[in-house]
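Chain by chain, the residues run as shown.
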Amino acid sequence: MDNDGVAEILDEIGTLLEIKGENPFKTRAYQNASRTIEGLTEPLSKIIEEDRLKSLKGIGKALQEKVTALVTTGELEYYTNLKESIPPGLIEMLKISGMGPKKIKAINDELGVDTIDGLEAACKGGELAGLSGFGKKTEQKILESLDFLRKFGTKHRIDDALAVAEPILESLRSHPDVIRCSIAGSLRRWKETIGDVDFLVSSTKPANLIDFFTSQPGILNVLAQGGTKASVNMEGGIQADLRVVSDHEFACALAYFTGSKEHNIVMRQRAIERGLRLNEYGLFRSKEETRDPKLRLDCRTEEDIFKELDLTYIPPELREDKGEFQAGEQSKLPELLKWTDLKGSLHNHSNWSDGKQSLEEVAAMADEMGCAYWAITDHSRSSFVANGLDEKRVEEQLIAIEKVNKSYEKDGNAFRLLSGSEVDILSGGKLDFDDDLMAQLDCVVASVHQGFGGSEAEMTKRIIKAAENSYVQTLGHITGRLLLTRDAYKLNQHAVIDACAETGTWIELNASPYRMDMDWRLWHYAREKGVKCVINCDAHRSAHYGFLRLGAGVARKGWLTKKDVVNTLTLKQLQKALLKKRS
DNA sequence: GCCGTTTTCGGCCCGACTGTTTTCAGTCG
């Protein structure tokens, strides 16, 4: 079993123990070990071979044995038995807001309820209110939460989250009692999917802002409302939380609520090592947990906090405890790409295949946005559901694109449509078009659109073969995942990256919020291998052009700089770069 | 279950909010 598999099982053991009512510190020990393993950069098998497992943080004697069993045999009796002893319905109940391990255990012990449906029936029948610690409101809340979960699920894509967050942020910003405000949490870290939207505000009049927040348009219901914080459900099913602090607490609260949890743990640790104490209220000159203003260090901004902890400023996108501390200590953090560095997109569609706009409309929109170029890469013939183009129509489109470009030239406008194709990678790695045809196109993106069921070896070989074609500059959405909808097909992404390094092929960061593919966790590796990134909208209609901004955020999360991204080049530089693999 | 020049026991992050209580337990982030 590989690292991810082991990490997942340890985390699950933690959850199972929680429901069993085990000592919470024991359950946390499993979750800590899971996190440690998740963050490893080398395979566990190697660590075990070299007998270094016990030196890992959070892994003692008992976990050493369990991890070894999982890695070497793929099985663990302790886990199997534990899992069999707990009905799966109880684990599902953890998703219901307000339901934790204690309540689940009580319901199971007292009423014998062990399924979601059983829980719903018990609530409707008023059975829960009879239990000690439960009442009418608990029943009501459980029923509401169940409804909500069925309707919306627990995770949301970044585009939906931003659509909720940005208007509220603007609204808060314009409130006279707000001193500073920001989005925090995973949205500020630019995660591709998020659980809820967090806002932080500093003010001397928190009550006014709580009232203001809970009366914003688009709120379905108020989940909680106190003196300094409030939670609401927004239309579309996204939960939004507001926290109000005083302005001298703002920087530390912002750092704290931005996370990630893993990042914060290291930050606290670094504070302790320096005789300090870091929490959401400030950075204190103290060995004890405190809020004593006399011990507070003056940290007005997040930069101040990092400086006190001997680090350069770590951008929110990098706060995942994935190497940012080592780099921050040595002032080696990259200067991250800005979305305004992007000069166009090299994978887009028009109404010649499954896009909504004509070539003229596409060009006008991209030019209007200030882009220097925009590639038309409509689908190839095998994607007939998407009205893919055959050779003849590709030839016709080339002429039509040239005509659009001519009209821009005539006006003295340097904007240019680039010709291209999103060529299907067929089974076995064969491409949908011949080299002769691809040689006439400016941009070729090769992507898989059918036959997702192959083995890891087959899919990997298939995609690598496409990368080996000298007319393919870019591999499109390499894993085929659709976030929250469809899992990636089986693929050895490291092997694909290696092949791209070898062949000089670029990898797309498909900036559609449904995809965000290749995943940000792999860009660090690609960058080390010298593989270039192309951030593409995969635009099918005008609303998709804004995906460039989303993609740039995810690229930042993958540690990418302007230099690492091809579509930051000027038109001239890009045209030269596009020919490199062919020469 | 882990950890320790505070080491073989007794800590392990903690504050805000809610609902059910009548001073507090459970959940959440």
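This write-up is about the structure you can find in this document. Fair warning: this is a prediction, and the values are worked out from it, not measured in the lab.

1. Overview of the overall build of chain A
Each helix and strand counted, chain A has 24 helices and 17 strands in total. If you line up chain A on its principal axes, its C-alpha atoms span 75 × 60 × 55 Å. Put simply, chain A has 583 residues, and 52% of those count as buried. Long-range contacts, defined as pairs at least 24 residues apart, comprise 66% of the intrachain contacts of chain A with a sequence gap of at least 6. Total accessible area on chain A is roughly 27,100 Å²; 50% of this is exposed by carbon and sulfur atoms. Here chain A carries 79 positive and 90 negative side-chain charges, and the mean point of each set is 4 Å from the other.

2. Considerations on a negative patch on the surface
Together, Asp2, Asp4, Glu8, Asp11 and Glu38 make up a negatively charged patch on the protein surface. Per-element tally for the negative patch: the top contributor is helix α1 (residues 3–20), with three residues. Along the chain, the position of Glu38 falls in helix α2 (residues 24–38).

3. Details of the side chain of Asn469
Its place among the elements puts Asn469 in the loop between α20 (456–467) and β15 (474–475). Judged by its relative accessible area of 14%, Asn469 is buried. Within the structure, the side chain of Asn469 is placed 2.6 Å from the backbone nitrogen of Tyr471, a separation counted as a polar contact. Ignoring sequence-local partners within four residues, the contact set of Asn469 consists of Leu431, Asp435, Met438 and Lys581.

4. What to know about a positive patch on the surface
Taken together, the side chains of Lys532, Lys563, Lys576 and Lys580 make up a positively charged region of the molecular surface. Looking at the element boundaries, Lys563 is found in the loop between α23 (547–557) and α24 (571–579).

5. Some remarks on the nonpolar core
Ranked by size, the top nonpolar core spans 94 residues in total, and within it Leu187, Val197, Phe199, Trp374, Leu417, Leu475 and Ile535 carry the most contacts. With eight residues, helix α10 (residues 158–173) is the single largest residue contributor to this core. The next biggest cluster of nonpolar side chains, apart from the first, holds 43 residues, and it includes Ile48, Leu119, Leu128 and Ile142.

6. Regarding the environment of Asp177
Within the fold, Asp177 resides in the loop between α10 and β2 (180–184). Within the structure, Asp177 has its side chain in polar contact with the side chain of Asn208 (distance 2.8 Å).

7. Side note on the packing of helix α8 (residues 116–124) against helix α9 (residues 136–152)
One can describe the packing of α8 onto α9 by two numbers: an axis separation of 9 Å at closest approach and a directional angle of 140 degrees. Taken together, α8 and α9 sit at an angle that is classed as oblique. The element α8 and its partner α9 pack so that their crossing is left-handed. Contacts between α8 and α9 pair Ile116, Asp117, Leu119, Glu120, Ala122, Cys123 and Lys124 from the former with Glu139, Ile142, Leu143, Leu146 and Arg150 from the latter. For the contact of α8 with α9, a count of residues per class yields seven nonpolar, no polar and five charged.

8. Digging into the protein's contact with DNA strand B
Surrounding DNA strand B, one finds 42 residues, the nearest of these being Arg28, Gly60, Gly98, Gly135 and Gln225. In the interface set of DNA strand B, defined as its atoms within 4 Å of the protein, sugar plus phosphate atoms amount to 84%. Contact distances for DNA strand B include 3.5 Å between a phosphate oxygen and a backbone N or O atom of Lys61. Between DNA strand B and the protein, one listed contact pairs a phosphate oxygen with a backbone N or O atom of Leu63 at 3.0 Å. For the surface near DNA strand B, the secondary-structure elements that each account for two or more residues are α2, α4 (61–73), α7 (101–111), α9, β5 (219–225) and β7 (239–245). Here the surface near DNA strand B gets five residues from one element, more than from any other, and that element is α2.

9. As for the sheet that holds strand β16 (residues 506–510)
As summarised here, the arrangement of the five strands in space is β13-β14-β15-β16-β17, forming an open sheet in which the pairing is parallel. Strands at the two margins of the open sheet, each flanked by one partner only, are β13 (420–424) and β17 (533–536). Bridging between strand β14 (residues 443–447) and β15 involves two bridges; their strand directions are parallel. Residue pairing in the sheet places Val445 in a bridge with Thr474 of β15.

10. Digging into the sheet that holds strand β12 (residues 416–418)
Ordered in space as β10-β11-β12, the three strands form an open sheet in which the pairing is parallel. Strands with a single pairing partner mark the edges of an open sheet, and in this sheet they are β10 (344–345) and β12. As judged from the three bridges shared by strand β11 (residues 373–375) and β12, these two strands associate in the parallel manner. From the neighbouring strand, Tyr373 faces β12, where its bridge partner is Arg416.

11. Let's talk about the packing of aromatic side chains
Applying the stated criterion across every chain yields a total of eight aromatic pairs. Centroid distance Phe452 to Tyr489: 5.3 Å. Interplanar angle 45 degrees. Geometry classified as tilted. Placement of Phe452 in the loop between β14 and α20 and of Tyr489 in the loop between β15 and α21 (493–503) is noted, with a sequence separation of 37 residues between them. Residue Phe452 is classed as partly exposed on the basis of its relative accessible area, which comes to 26%. Since its relative accessible area comes to 7%, Tyr489 is described here as buried.

12. A few points about the environment of Met267
Within the element layout of this structure, Met267 appears in helix α14 (residues 261–273). For the pair formed by Met267 and Ser85, sequence separation is 182 residues and the distance between their alpha carbons is 38 Å. Not counting residues within four places of it along the chain, the set of residues in contact with Met267 comprises Leu278, Ile305, Phe306, Leu309, Leu311 and Phe325.

13. Examining the packing of α1 against α2
For the pair α1 and α2, the least separation of the axes is 8 Å and the interaxial angle reads 165 degrees. The angle between the axes of α1 and α2 places the two elements in the roughly antiparallel class. Handedness of the α1/α2 crossing: left-handed. Of the residues in α2, those touching α1 at Asn3, Val6, Ala7, Leu10, Asp11, Ile13, Gly14, Thr15, Leu17 and Glu18 are Lys26, Thr27, Tyr30, Gln31, Ala33, Ser34, Ile37 and Glu38. Per-class residue counts for the contact of α1 with α2 are eight nonpolar, six polar and four charged.

14. Some remarks on unusual backbone geometry
For residues that are not glycine, phi is negative in most cases, and the peptide bond is trans in most cases. Going from Gly259 to Ser260, the amide bond is cis rather than trans, its omega being -5 degrees. A cis geometry characterises the amide bond from Asp517 onward to Met518, with omega recorded as 15 degrees. Although it is not a glycine, Met516 sits at a positive phi angle of roughly 45 degrees. Note on Met516: relative accessible area 0%, which makes it buried. With a phi angle near 70 degrees, Trp559 is a residue other than glycine that sits in the positive phi range. With respect to the helices and strands, the residue Trp559 is situated in the loop between α23 and α24.

So, how was this worked out
- Residues numbered from 1 in each chain as written.
- Chains lettered and ligands numbered in written order.
- Predicted model: local features only at pLDDT ≥ 70, side-chain atom pairs only at ≥ 80, totals over all residues.
- Heavy atoms only, no water.
- Helix = DSSP H or I, 4+ residues; strand = E, 2+ residues; numbered from the N terminus.
- Buried < 20%, exposed > 50% of the residue type's maximum accessible area, 1.4 Å probe, protein only.
- Contact = heavy atoms within 4.5 Å.
- Areas by Shrake-Rupley, 256 points an atom, 1.4 Å probe, with all protein chains shown as cover.
- Lys, Arg positive; Asp, Glu negative; His and termini not counted.
- Charge placed at Lys NZ, Arg CZ, Asp CG, Glu CD.
- Patch = residues over 30% accessible without salt bridge, like charges linked within 9 Å, V, L, I, M, F, W, Y side chains within 5 Å.
- Salt bridge = Lys/Arg side-chain N within 4 Å of Asp/Glu carboxyl O.
- Polar contact = N/O pair within 3.5 Å; in protein donor to acceptor, adjacent residues only side chain to side chain.
- Core = buried A, V, L, I, M, F, W, Y, C linked by side-chain atoms within 4.5 Å.
- Axes fitted to C-alpha atoms, helices over the stretch in contact; angles between N-to-C directions.
- Parallel < 35°, antiparallel > 145°, perpendicular 65-115°, else oblique.
- Left-handed = near helix turned anticlockwise from the far one by under 90°.
- Nonpolar A, V, L, I, M, F, W, Y, C, P; charged D, E, K, R; others polar.
- Near = heavy atom within 4 Å.
- Pairing = 2+ DSSP bridges.
- Phe/Tyr/Trp six-rings, centres within 6.5 Å; stacked < 30°, edge-to-face > 60°.

So yeah, pure geometry; function would need other evidence.
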